[in-house]
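# Summary of the model geometry
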Amino acid sequence: MTAKERRRRPIRETIKNHIRHLRFREVEMTQQELAELVGATRQTVHAIEASKYAPSLELASRIAVALDTPFEEVFWYEIED
């Protein structure tokens, strides 16, 4: 594939995360407990964990704070080929 062809392809990106791992790091925190801490629904937390939904910057920041983990250790951006 040429560089020109790559530029014309739509970029497919995903916001990935370590939320599930971090919820179980020390003491198990349920999706519901995390949702209540950050002002979201359990379904939203589930969708974010599964990378089916990209959270707003505000919600992502609240999640990082609730998990007591730097933002960049919770979330990262992945471009798919």
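Note: the structure precedes this text.
A brief look at the structure comes next. (Residues numbered from 1 in each chain as written. Predicted model: local features only at pLDDT ≥ 70, side-chain atom pairs only at ≥ 80, totals over all residues. Heavy atoms only, no water.)

### Regarding a nonpolar patch on the surface
Judged by side-chain polarity, Ile11, Tyr77 and Ile79 come together as a nonpolar surface patch covering roughly 350 Å² of accessible area. Within the fold, Tyr77 resides in strand E2 (residues 75-80). (Patch = residues over 30% accessible without salt bridge, like charges linked within 9 Å, V, L, I, M, F, W, Y side chains within 5 Å. Areas by Shrake-Rupley, 256 points an atom, 1.4 Å probe, with all protein chains shown as cover. Salt bridge = Lys/Arg side-chain N within 4 Å of Asp/Glu carboxyl O. Helix = DSSP H or I, 4+ residues; strand = E, 2+ residues; numbered from the N terminus.)

### A closer look at the side chain of Thr69
Along the chain, Thr69 falls in the loop between helix H5 (57-66) and helix H6 (71-74). Here Thr69 falls in the buried class, since its relative accessible area comes to 7%. A distance of 3.1 Å separates a polar atom in the side chain of Thr69 from a polar atom in the side chain of Arg25. The residues contacting Thr69, other than those within four sequence positions of it, are Leu22, Arg25, Ala64 and Val74. (Buried < 20%, exposed > 50% of the residue type's maximum accessible area, 1.4 Å probe, protein only. Polar contact = N/O pair within 3.5 Å; in protein donor to acceptor, adjacent residues only side chain to side chain. Contact = heavy atoms within 4.5 Å.)

### Remarks on the packing of aromatic side chains
For any pair of aromatic rings, the description rests on two quantities: the centre-to-centre distance and the angle between the ring planes. Enumeration according to the criterion identifies one aromatic pair in this entry. Measuring from centroid to centroid gives 5.4 Å for Phe71 and Phe75, while their planes differ by 35°, and the two rings are tilted. On the basis of relative accessible area, Phe71 is assigned to the partly exposed category, the value being 34%. Using a relative accessible area of 6% as the deciding quantity, one classes Phe75 as buried. (Phe/Tyr/Trp six-rings, centres within 6.5 Å; stacked < 30°, edge-to-face > 60°.)

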